[in-house]
Amino acid sequence: MRYHLTTYGCQMNEADSSLMQALLAAAGWEPSVSLDSADLVVLNTCAVREKPENKVYSKLGELRAWKAAARGRLIAITGCMAQGEAAEIIRRAPQVDVVLGTRCFQHIVSAAQRALAGEHPVVLTDLNEDPSPLRCGTAMGRAKTALTAFVPIILGCSNWCSYCIVPSVRGPEKSRPVHEIGREVEDLVSRGTREVTLLGQNVLAYGRDLSDRPDLPYLLTHLASTDGLWRIRFTTCHPRDVSGRLIEVMSGEPKICEHIHLPIQAGADKLLREMNRGYTTDDYLHAVDALRAGVRGIAITTDIMVGFPGETEHDFEASLKLYERVRFDAAFTFAYSPRPGTKATSRDDQVPRKVCLERLQRLIALQNRITLERNRGSVGTVAEVLVQGPAERGEGLLAGRSRNNKLVVLPGERRLAGSLLTVRLTEAHLWGFRGLPVAG
Ligand code: 5AD
Ligand code: SF4
């Protein structure tokens, strides 16, 4: 039997997909590149904005013909959309056989078997379940191991930002025990992983719900003692939870990479308050100053949303001023998208779509200029690069990431994939750098 899996959305979804791939592999399913030779199509979905949802519905439309073309073909919808709107999916797309929510990935094999046996549809969306214990040991052990790997450390989110669907589709925060994460990292390293990225909607909330209350700095220190592990990253961080302890550990432990992703969302206090973010622009600036003062060479990246309900031209311009002041290394930028069931959706002061898109363009122009200026400022310096493999474009070129997570493209032989090189940055681009390995 063969499966074809598509992942939408964030890194957490990629980690969830890798668990499903491991479980399917352990049960004898083979991955299939083409749809034609697949018996099962899995769409691991995202619900954070409307656009990825629409993509899934149009994909489901296309899959109707695929399913009708041969007997026994199965369609599974998993992840955030599956959790949030299982009933709607089945109503709009009755060809869907399996619906698995955000804490039910562990049932992918048994659900497919039930569907093959004739049950229709199989729907599992209990948020009290937890797939993470399966991530270490035999299941993941059969999957191909990569040089870099994502390791979820905390599931869900308990922040309830007023625009965000995540707390309702991923459930409340639930941390994995330190020993379980440690075992997964050791397991990965023993099979060749050299860099791990610890994942959570807010990794700085790690451990608050555990009885012995470990925190992220503790976990980082613990994992840093793993022999054979070279680099540790973590994402995402809520600005409210940046602490002196985090800065201390980041500056003191050489395996922890100098990069933090710190979503600001908006740069006006009124908007931050209405978004229920729990910090002011001043708090944010203090966190940035402390990080830059405490962690040499740290890169700070962010998420920014434009067009939150009630955002005036004045609020937007104040936000641009703040971003100009912070000078982020890079930003993911989004137009606000109303999500079902969130507080902001029911507000009657929605910003017209046209205004949202126009502001988004201005924001992108500003951030592109800043990113390029910052990158140009690093030309001539050297960076430690973990070479990942051939570059997407260009004969004889390799690509890798610097410690502060910038993409670096350099000439070199393929056999250098998997090594740490010292690279002189020679050319700055929006996407990163061109560089040359430093001899020795
Ligand atoms: N509309 C637009 N962007 C959103 N995000 C979260 N919810 C929404 C929404 N309703 C963005 C935030 C978050 C990122 C992952 O997605 O910026 O940090
Ligand atoms: Fe959504 Fe806010 Fe939680 Fe991030 S912190 S997942 S934006 S509710």
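A.B. asks: Residue-level account of the overall build of the protein, with values.
C.D. replies: Within the protein, the regular secondary structure consists of 14 helices and 19 strands. On C-alpha atoms alone, the protein measures out to a radius of gyration of 22 Å, which is about the 22 Å that the 2.2 N^0.38 rule sets for 440 residues. Looking at the 440 residues of the protein, the share that counts as buried comes to 53%. When contacts within the protein are restricted to residue pairs at least 6 apart in sequence, long-range pairs at least 24 apart make up 72% of them. For the protein, the computed accessible surface area is about 19,500 Å², with 52% contributed by carbon and sulfur atoms. In the protein, 55 positive and 50 negative side-chain charges are present, and the distance between their average locations comes to 3 Å.

A.B. asks: Quick rundown of the packing of helix H12 (residues 281-294) against helix H13 (residues 313-326)? Include the residues and the values.
C.D. replies: It is at 11 Å that the axes of H12 and H13 come closest, and there the two elements cross at 10°. Overall, the two elements H12 and H13 adopt an arrangement that is roughly parallel. Contact residues: H12 offers Thr281, Leu285, Val288 and Arg292, while H13 offers Leu322, Arg325 and Val326. When grouped by side-chain class, the residues that make up the contact of H12 with H13 number 4 nonpolar, 1 polar and 2 charged.

A.B. asks: Can you break down helix H14 (residues 353-377) residue by residue, with the values?
C.D. replies: In a regular helix each residue adds 1.5 Å, so 25 residues correspond to 36 Å; H14 covers 36 Å between its end C-alpha atoms and thus fits that length. Those residues of H14 that fall on the buried side of the exposure criterion are Cys356, Arg359, Leu360, Leu363, Leu366, Gln367, Ile370, Thr371 and Asn375. Contacts from the buried residues of H14 go to strand S13 (299-306), H13, strand S14 (330-335), strand S18 (420-428) and strand S19 (432-437).

A.B. asks: Give a detailed account of the sheet that holds S14, specifying residues and quantitative values.
C.D. replies: Strand order in this open sheet of 3 strands is S12-S13-S14, and the pairing throughout is parallel. The open sheet terminates on both sides in strands that have one partner only, identified here as strand S12 (259-261) and S14. Here the average twist between neighbouring strands, direction ignored, is 15°. Two elements, S12 and S13, share 3 bridges in a ladder whose sense is parallel. Looking across to S13, one finds that histidine 259 is bridged to alanine 299. Contacts from H14 reach S13 and S14, with the element oriented near 175° to S14.

A.B. asks: Before we move on, could you go through the pattern of salt bridges and cite the residues and values that matter?
C.D. replies: Here the structure, examined in full by the defined rule, presents 34 salt bridges. Between arginine 176 and glutamate 184 there is a salt bridge whose closest N-O contact spans 2.8 Å. When sorted by exposure, arginine 176 lands in the same class as glutamate 184, which is buried. A salt bridge links glutamate 313 to arginine 362, with the shortest nitrogen-to-oxygen separation between them at 2.7 Å. With glutamate 313 in helix H13 and arginine 362 in helix H14, this residue pair connects regions lying 49 residues apart in the sequence. Counted as one network, the salt bridges with shared partners bring together Glu195, Arg231, Arg233, Glu258, Glu384 and Arg403.

A.B. asks: Give me the site of ligand 1: which residues, what numbers.
C.D. replies: Lining the immediate environment of ligand 1, one finds Val48, Arg49, Tyr163, Gln265, Asp303, Met305, Phe334, Ala335, Tyr336, Ser337 and Arg339. Contact between ligand 1 and aspartate 303: an oxygen atom at 2.6 Å from a side-chain N or O atom of the residue. Alone, ligand 1 offers 410 Å² of accessible surface; in the complex the protein occludes 86% of this. Of all the secondary-structure elements, those providing two or more residues to the shell around ligand 1 are S13 and S14. Among the residues forming the shell around ligand 1, the class breakdown is 6 nonpolar, 2 polar and 3 charged.

A.B. asks: How would you summarise the pairing of S14 if you had to cite specific residues and measurements?
C.D. replies: A regular strand carries its side chains on alternate faces of the sheet. In this structure, S13 lies alongside S14, joined through 6 bridges in parallel fashion. Counterpart to methionine 305 in the pairing with S14 is phenylalanine 334. Since S13 and S14 lie parallel, the crossover through H13 that links them has a hand, and here it is right-handed.

A.B. asks: Please give an account of the packing of aromatic side chains that cites residues and values.
C.D. replies: Taken as a whole, this structure holds 5 aromatic pairs when the rule is applied. Relative to phenylalanine 308, the ring of tyrosine 163 has its centre 6.3 Å away and its plane inclined at 85°; by these criteria the two rings are edge-to-face. Taken as a pair, tyrosine 163 in the loop between strand S8 (154-155) and helix H7 (166-170) and phenylalanine 308 in the loop between S13 and H13 lie far apart in primary sequence, 145 residues in all. By relative accessible area, tyrosine 163 is classed as buried at 8%. A residue is classified by how much of its surface remains accessible, and phenylalanine 308, at 1% relative accessible area, is buried. Measuring from ring centre to ring centre gives 6.3 Å for tyrosine 323 and phenylalanine 328, while their planes differ by 50°; the resulting arrangement is tilted. A single burial state applies to tyrosine 323 and to phenylalanine 328, both of which are buried. Through successive ring pairs, a cluster of aromatic residues spans Tyr279, Tyr284, Tyr323 and Phe328. In this structure, arginine 92 is placed above the aromatic ring of tyrosine 57, and the distance from its NZ or CZ to the ring centre is 3.6 Å. Positioned above the aromatic ring of tryptophan 230 is the side chain of arginine 194, whose terminal nitrogen or guanidinium carbon lies 5.5 Å from the ring centre.

A.B. asks: An account of the pairing of strand S10 (residues 195-199) is requested, with residue identities and associated values reported.
C.D. replies: Burial analysis of S10 places 5 of its 5 residues in the buried class, which makes it a mostly covered element. The alternating pattern of S10 places Glu195, Thr197 and Leu199 and Val196 and Leu198 on opposite faces, both of which are buried. As paired strands, strand S7 (residues 148-152) and S10 are joined by 5 bridges and run parallel to one another. Bridging from a neighbouring strand, alanine 149 pairs with valine 196 of S10. Taken together, the 5 bridges between S10 and strand S11 (residues 231-235) define a ladder with parallel strand orientation. Counted as the bridge partner of threonine 197 is arginine 233 from S11.

A.B. asks: So what's going on with H12? Residues and values would help.
C.D. replies: Here H12 contains 14 residues, and its C-alpha end-to-end distance of 20 Å stays within 8% of the 20 Å for a straight helix at 1.5 Å per residue. Taken together, the buried residues of H12 touch helix H10 (244-252), S12, helix H11 (269-274), S13 and H13.

Definitions and cut-offs
Residues numbered from 1 in each chain as written. Chains lettered and ligands numbered in written order. Predicted model: local features only at pLDDT ≥ 70, side-chain atom pairs only at ≥ 80, totals over all residues. Heavy atoms only, no water. Helix = DSSP H or I, 4+ residues; strand = E, 2+ residues; numbered from the N terminus. Rg over C-alpha atoms; globule rule 2.2 N^0.38 Å. Buried < 20%, exposed > 50% of the residue type's maximum accessible area, 1.4 Å probe, protein only. Contact = heavy atoms within 4.5 Å. Areas by Shrake-Rupley, 256 points an atom, 1.4 Å probe, with all protein chains shown as cover. Lys, Arg positive; Asp, Glu negative; His and termini not counted. Charge placed at Lys NZ, Arg CZ, Asp CG, Glu CD. Axes fitted to C-alpha atoms, helices over the stretch in contact; angles between N-to-C directions. Parallel < 35°, antiparallel > 145°, perpendicular 65-115°, else oblique. Nonpolar A, V, L, I, M, F, W, Y, C, P; charged D, E, K, R; others polar. Expected span 1.5 Å × (residues − 1). Pairing = 2+ DSSP bridges. Salt bridge = Lys/Arg side-chain N within 4 Å of Asp/Glu carboxyl O. Near = heavy atom within 4 Å. Polar contact = N/O pair within 3.5 Å; in protein donor to acceptor, adjacent residues only side chain to side chain. Right-handed = clockwise from strand over helix to strand, strands pointing away. Phe/Tyr/Trp six-rings, centres within 6.5 Å; stacked < 30°, edge-to-face > 60°. Lys NZ or Arg CZ within 6 Å of the ring centre and 35° of its normal.

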